Amino acid sequence: MSVLLKAKIAEVFEEPGCDINQGKSEKERKKGCTKQLNPGAAAGGCAFDGAKIALQPIADVAHLVHGPIACEGNSWDNRHSASSHSQIYRTGFTTDINELDVIYGGEKRLFKSIREIIDKYDPPAVFVYQTCVTALVGDDIEAVCQRATEKFGKPIIPVNAPGFAGPKNLGNKLGAEALLDYVIGTREPEFTTPYDINIIGEYNLVGELWQVKPLLDALGIRVLSCISGDGRYNEVATAHRAKVNMMVCSKSMINIATKMEQRWGIPYFEGSFYGIGDMSDTLRQIAKLLVQTGAPADLLERTERLIEVEEARAWKRIAHYKQRLTGKRVLLITGGVKSWSVVAALQEGGMEIVGTSVKKSTKEDKEKIKEIMGEGADAHMIDDMTPREMYAMLRDARADIMLSGGRSQFVALKARMPWLDINQERHHPYGGYEGMVELVAEIDRAIFNPVWQQVRIPAPWGDDGETLEAPSSPVHAQLTGVAAKAMELQPEEVPG
């Protein structure tokens, strides 16, 4: 590991925005909050993967992976981050190094790849990602990027986050450090307003940012830059002129918010776009901080009027679903900001949380879970649940549906229980007031899908009349009753 990378990791470990980190001794702080990985270790995402995830939603930039083609293939398009402008971010660029490059070095190949991208695509910038192999052989991507910047007159940004440096969360922060070192503050906006904000840690998954932006537009609040969903390079470069920063996921890019506060005096807060109450609180907090930094005081009154209208509309639209979902039990296997923000949204839909994962959550995330869920919250906070435990909980009907990422869906399917994708691979946006309606509608559709009455019916070829043990949940009883009535009908009696 290079001296520069070691220094950068040590700097990240000194993060002042993390209460846990500041509570450690000097010796413990130097060790950091994460352990380094061995090259090739399967640990749920490496530092390179985390950096790529954090920065790839900057949509008009060419993202070039300096390493074997497998590194780019593994990380390509793994988030449904939508763009309203350029689509170049969805093109997979890689230097595809071979055995000779390992022996002789791949710096010349990297330089030629940068030149080819600029000649063919002419992006405003190129981001170059270091990987395990090229870091181990000693390729100096910082020097190559500096030379290419001078040669081609475009910013070529090195992202030094090889996979063995640590897990995905560390990579998120190393990607953020690249923005702080080479991008933010390098350009000036054409104009500024008292209503300019940055949104940090929002990736515009399936267009969620677009469900929130109309609300800000209605208040006259301008998103100067979003880091990094639906991002533009030039907008990110001018982010230092915003009046307020909003953190959406503090686990990933808290270092951007804290360092922008240190360098340019921009206050920040952490908010959520999930759920009716949290969306309203976020709008209030943005308005409050903008007024404190110079915006007209009538912004507060206008914000309350907008919230009143939007909340009434949202509650009216989810009333039908709430009647059907009240009392349904949810197992939430996610982490970070979603471990508490989605909890609040589910409770607004009348559902009960039987467990929420806190494996990737900060101390602040856990405190917010306790605040939302009240007494007994500790019993529902799951640090790490094995697939076998998930399966047992679902089969014993302690949950009516599981919300998680794609890797856990097969546990729910094996238990013959409904499942809904809540992580980055999802196909439905759940942000803002509109997203809350979408979330409860999708949960309702999943729980009451007729397929569950089919998969729980005993197979006709069962040995000696053996039946499959079905969960004893209210949902199962309702669906089984429907199935029994359907089986009593003769074929000609079945409705067409």
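Cut-off values and rules
Residues numbered from 1 in each chain as written. Predicted model: local features only at pLDDT ≥ 70, side-chain atom pairs only at ≥ 80, totals over all residues. Heavy atoms only, no water. Salt bridge = Lys/Arg side-chain N within 4 Å of Asp/Glu carboxyl O. Helix = DSSP H or I, 4+ residues; strand = E, 2+ residues; numbered from the N terminus. Core = buried A, V, L, I, M, F, W, Y, C linked by side-chain atoms within 4.5 Å. Buried < 20%, exposed > 50% of the residue type's maximum accessible area, 1.4 Å probe, protein only. Contact = heavy atoms within 4.5 Å. Patch = residues over 30% accessible without salt bridge, like charges linked within 9 Å, V, L, I, M, F, W, Y side chains within 5 Å. Areas by Shrake-Rupley, 256 points an atom, 1.4 Å probe, with all protein chains shown as cover. Lys, Arg positive; Asp, Glu negative; His and termini not counted. Charge placed at Lys NZ, Arg CZ, Asp CG, Glu CD. Expected span 1.5 Å × (residues − 1). Arc of directions from axis to C-beta. Axes fitted to C-alpha atoms, helices over the stretch in contact; angles between N-to-C directions. Parallel < 35°, antiparallel > 145°, perpendicular 65-115°, else oblique. Nonpolar A, V, L, I, M, F, W, Y, C, P; charged D, E, K, R; others polar. Pairing = 2+ DSSP bridges. Left-handed = near helix turned anticlockwise from the far one by under 90°.

Colleague: Is there a simple way to think about the pattern of salt bridges in this case?
Modeller: Pairs may arise between side chains of opposite charge once their charged atoms sit close together. Applying the stated criterion to the full structure yields 25 salt bridges. One salt bridge in this structure joins Glu-177 and Lys-259, with 3.0 Å as the shortest N-O distance. Of this pair, Glu-177 sits in helix H10 (residues 168-182) while Lys-259 is found in helix H13 (residues 250-264), placing the two residues 82 residues apart along the sequence. The network of salt bridges with shared partners includes Lys-8, Glu-11, Glu-177, Asp-181 and Lys-259.

Colleague: Which parts of the structure should I look at to understand the nonpolar core?
Modeller: Where a protein is soluble and globular, its nonpolar side chains tend to be buried together. Membership of the largest hydrophobic core comes to 53 residues, with the highest contact counts inside it found for Ile-197, Ile-199, Leu-216, Ile-221, Leu-346, Leu-403 and Ile-443. For Ile-197, the residues in contact, after removing those within four places along its chain, are Leu-216, Ile-221, Arg-222, Val-223, Leu-224, Ser-225, Ala-242, Val-244, Ile-286 and Leu-290. Within the second largest apolar cluster, 41 residues are counted, among which are Ile-58, Ala-125, Ala-178 and Ala-239.

Colleague: How should I be thinking about a positive patch on the surface in this particular structure?
Modeller: A grouping of Lys-108, Lys-112, Arg-115, Arg-147 and Lys-151 is seen on the molecular surface, where their side chains present a positively charged patch. For the positive patch, the secondary structure elements donating two or more residues are helix H7 (107-121) and helix H9 (141-152). Here the positive patch takes three residues from H7, the largest share from any one element. Along the chain, the position of Lys-151 falls in helix H9.

Colleague: How should H7 be read in this particular structure?
Modeller: Note that an α-helix has 3.6 residues per turn; residues three or four places apart therefore point the same way. Along its 15 residues, H7 runs 21 Å from first to last C-alpha, staying within 8% of the 21 Å computed at 1.5 Å per residue. If you check which residues of H7 are buried, you get Leu-110, Phe-111, Ser-113, Ile-114, Ile-117 and Ile-118. Buried residues of H7, seen end-on, are gathered within an arc of 160° and therefore sit on one face of the element. Opposite the packed face of H7, turned more than 90 degrees from it, sit the exposed residues Lys-108, Lys-112, Asp-119 and Lys-120. Elements that come into contact with the buried residues of H7 comprise strand E1 (62-66), strand E2 (93-94), strand E3 (126-130), H9 and strand E4 (156-159).

Colleague: How should I be thinking about helix H19 (residues 387-395) in this particular structure?
Modeller: Among the residues of H19, those classed as buried are Met-390, Met-393, Leu-394 and Arg-395. The elements touched by buried residues of H19 are strand E9 (329-333), strand E10 (352-357), strand E12 (401-404) and helix H20 (409-414). Backbone geometry just after H19 places Ala-397 at a positive phi near 60°.

Colleague: Sorry, what's going on with the packing of helix H1 (residues 3-13) against H10 here?
Modeller: Two numbers describe a pair of packed helices, the interaxial angle and the distance between the axes. For the pair H1 and H10, the least separation of the axes is 10 Å and the interaxial angle reads 105°. As summarised for this structure, H1 and H10 are arranged roughly perpendicular, according to the angle between their axes. Every residue of H10 that contacts H1 at Leu-5, Lys-8, Ile-9, Glu-11, Val-12 and Phe-13 is listed here: Leu-170, Lys-173, Leu-174, Glu-177 and Asp-181. Across the contact of H1 with H10, the residue classes break down as six nonpolar, no polar and five charged.

Colleague: It is not clear to me how the sheet that holds strand E7 (residues 244-247) should be interpreted in this structure. Could you clarify?
Modeller: Backbone hydrogen bonds hold the strands of a sheet together, and the pairing may be parallel or antiparallel. The strand order E6-E5-E7-E8 describes an open sheet built from four strands, whose pairing is parallel. Looking at which strands have only one partner, the edges of the open sheet turn out to be strand E6 (222-228) and strand E8 (268-270). Across the sheet, the mean angle separating the axes of adjacent strands is 20° when strand polarity is ignored. By the bridge criterion, four bridges tie strand E5 (residues 196-202) to E7 in an arrangement that is parallel. Looking at E7, one finds that Ile-199 is bridged to Met-246.

Colleague: Explain the packing of H7 against H9 here, please?
Modeller: Running from N to C, H7 and H9 point in directions that differ by 35°, and their axes come no closer than 10 Å. The chirality of how H7 crosses H9 is right-handed. Together, Glu-107, Leu-110, Phe-111, Ile-114, Arg-115 and Ile-118 of H7 and Ile-141, Val-144, Arg-147, Ala-148, Lys-151 and Phe-152 of H9 make up the contact between the two elements. Here the residues of the contact of H7 with H9 sort into eight nonpolar, no polar and four charged.

Colleague: Even after reading the chapter, I still don't get the sheet that holds E4, so can you show me in this structure?
Modeller: If you walk across this open sheet you meet the four strands as E2-E1-E3-E4, and the pairing is parallel. Each edge of the sheet is formed by a strand with only one pairing partner; in this case those strands are E2 and E4. As defined by bridge partners, E1 adjoins E2 across two bridges and the pair is classed as parallel. Within E2, the position partnered with Val-65 by the bridge is Thr-94.

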